[in-house]
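What follows is the residue order along each chain.
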Amino acid sequence: MSVVETIQHDHAEVHDPHQQHHFATAEQQQDASKIGMWLFLVTEVLLFGGLFVGYIVMQGRFPEAWKSAHHHLQRELGALNTVVLLVSSFTMVMAVQAAKLNRRKQLIGNLWVTIICAFIFLIVKYFEYSHKYHEGLLPFKAFYSYTGPQVPGEFHFFSFYFMMTGLHGFHILGGIAVMLWILKRAYAGEFTSQYYTPVDLIGLYWHLVDLIWIYLFPLLYLIS
Amino acid sequence: MSSHSSHHDHTKLYATTLGGLLVLTAITVAASYVNFGSANIVVAMFIATIKASLVAMIFMHLKDDKPVNAVIFTSSLIFLGIFLGFCLLDADSRDKVVTGHLTWVEEQDREEAKKKAKMSPAADHHAPAAEHH
């Protein structure tokens, strides 16, 4: 718990020790944190947005290469990872609810399941990447060395594939790191129905990572 | 209102949402095996948008949250739409304005393919794709 002392007002209202002086109420403080998080998510949307726009413009330029290249992706693995992420989103929202309702055990359990799902996602991704690595289906002309039948321009597809899923993968890794930190604080009993903002915010982040994958999956794996 | 309505147990709502998301995932995978022509991508994006809305409204609580968060988030989508819209306008019309100028990537690839075909006429299907300049 932080060092902020409990303040007694004239009207004898006891403050939550987490509430900072410059906020009128704990609710206002939580709302402000949430707005900050949503603004961060906006920057994330625009970061990925650049890649999405590039991907779509290049698809317009190389439609045949795109059609041919996506056959190298296994849509079963993409679908599996979609399910894994959706389940992790569910356990994440359950973790937020558990924190809100003072259910510490449920909070810890759901955070663990979310972290495990995140690892499963990365393991599946590892198998997909290593398969492409062995075939030489790598980003950029310099690394692309696939020798099977193909349409000119396929390496553009794989450049986007690795940039988009790679950036997304780093977001999963970052999410895991933050979730482990939140988990440590949950074990220490730091979160109560009065104060659970960090759980709420990592939840928003995790759902956005899921939301980006919801678009990545059909765009990369299901185009035909 | 949020402090009252959100301190109930919403497990059922969240589980139903997850069920809906999984069903939509199954539908989008199944639809990808059916050939709708150019409508395939439209169908896939439509389903993805329904899924994204479910996640944003229910898992991210935008449905019951203060509207300011929804406004912030929607604004990013509007600007992404402008970004995409103008880039597509540009990509579609540039060749009509400056003939051949911006398809240099494509031309490079074609020239390389031609060179390779000259060097090894029988190898068009097994040609090494390692790109040498």
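Conventions adopted
- Residues numbered from 1 in each chain as written.
- Chains lettered and ligands numbered in written order.
- Predicted model: local features only at pLDDT ≥ 70, side-chain atom pairs only at ≥ 80, totals over all residues.
- Heavy atoms only, no water.
- Helix = DSSP H or I, 4+ residues; strand = E, 2+ residues; numbered from the N terminus.
- Buried < 20%, exposed > 50% of the residue type's maximum accessible area, 1.4 Å probe, protein only.
- Contact = heavy atoms within 4.5 Å.
- Expected span 1.5 Å × (residues − 1).
- pLDDT = per-residue confidence, 0-100.
- Salt bridge = Lys/Arg side-chain N within 4 Å of Asp/Glu carboxyl O.
- Core = buried A, V, L, I, M, F, W, Y, C linked by side-chain atoms within 4.5 Å.
- Phe/Tyr/Trp six-rings, centres within 6.5 Å; stacked < 30°, edge-to-face > 60°.
- Lys NZ or Arg CZ within 6 Å of the ring centre and 35° of its normal.

Draft legend 1. Summary view of the overall build of chain B. Looking only at helices and strands, one finds 5 helices and 0 strands in chain B. The secondary structure elements of chain B, listed N-terminal to C-terminal, are α-α-α-α-α. Taken across its 133 residues, chain B has 29% of its residues classed as buried. Taking the contacts inside chain B whose residues are at least 6 apart along the sequence as the reference set, 41% of them involve residues at least 24 apart.

Draft legend 2. Structural view of helix H3 (residues 75–100) of chain A. Residues and elements named next belong to chain A. End to end, H3 covers 37 Å across 26 residues, agreeing with the expected 38 Å (1.5 Å per residue, within 8%). With respect to burial, H3 is a largely interior element, 21 of its 26 residues being buried. Once H3 ends, the next one or two residues include asparagine 102, with phi positive near 65 degrees.

Draft legend 3. The arrangement of the confidence of the model for chain A in detail. Looking at chain A as a whole, its pLDDT mean stands at 89, while 93% of the residues score no less than 70. Here residues 1–5 of chain A is a poorly scored stretch, pLDDT under 50, and it has 7 contacts once near neighbours within four places are set aside; other chains count.

Draft legend 4. Main features of the pattern of salt bridges. Considering all chains together, one arrives at 8 salt bridges over all chains under this definition. Linked by salt bridges that have partners in common, A:Glu27, A:Asp31 and B:Lys66 make up one network.

Draft legend 5. Quick peek at the nonpolar core. Core analysis: the largest hydrophobic core is formed by 90 residues, its most contacted members being A:Tyr55, A:Trp66, A:Leu107, A:Phe157, A:Leu220 and B:Met60. At 17 residues, the largest contribution of residues to this core is made by helix H7 (residues 197–221) of chain A. Those residues in contact with A:Leu107, other than ones at most four positions away along the chain, are A:Ala95, A:Ala98, A:Ala99, A:Ala186, A:Phe191 and A:Val199.

Draft legend 6. Structural detail: the packing of aromatic side chains. According to the stated counting rule, one finds 17 aromatic pairs over all chains in the structure shown. Measuring from ring centre to ring centre gives 6.2 Å for A:Tyr129 and A:Tyr161, while their planes differ by 80 degrees; the resulting arrangement is edge-to-face. One end of the pair, A:Tyr129, is in helix H4 (residues 104–135); the other, A:Tyr161, is in helix H6 (residues 154–187), and 32 residues separate them in sequence. Overall, A:Tyr129 belongs to the partly exposed group, its relative accessible area being 23%. A residue is classified by how much of its surface remains accessible, and A:Tyr161, at 0% relative accessible area, is buried. Ring pairs connect the aromatic residues A:Tyr55, A:Trp66, A:Tyr129, A:Phe157, A:Phe158, A:Phe160, A:Tyr161 and A:Phe162, which therefore count as one cluster. Looking at A:Arg75, its charged tip hangs above the ring of B:Tyr33, at a distance of 4.3 Å from the centre.

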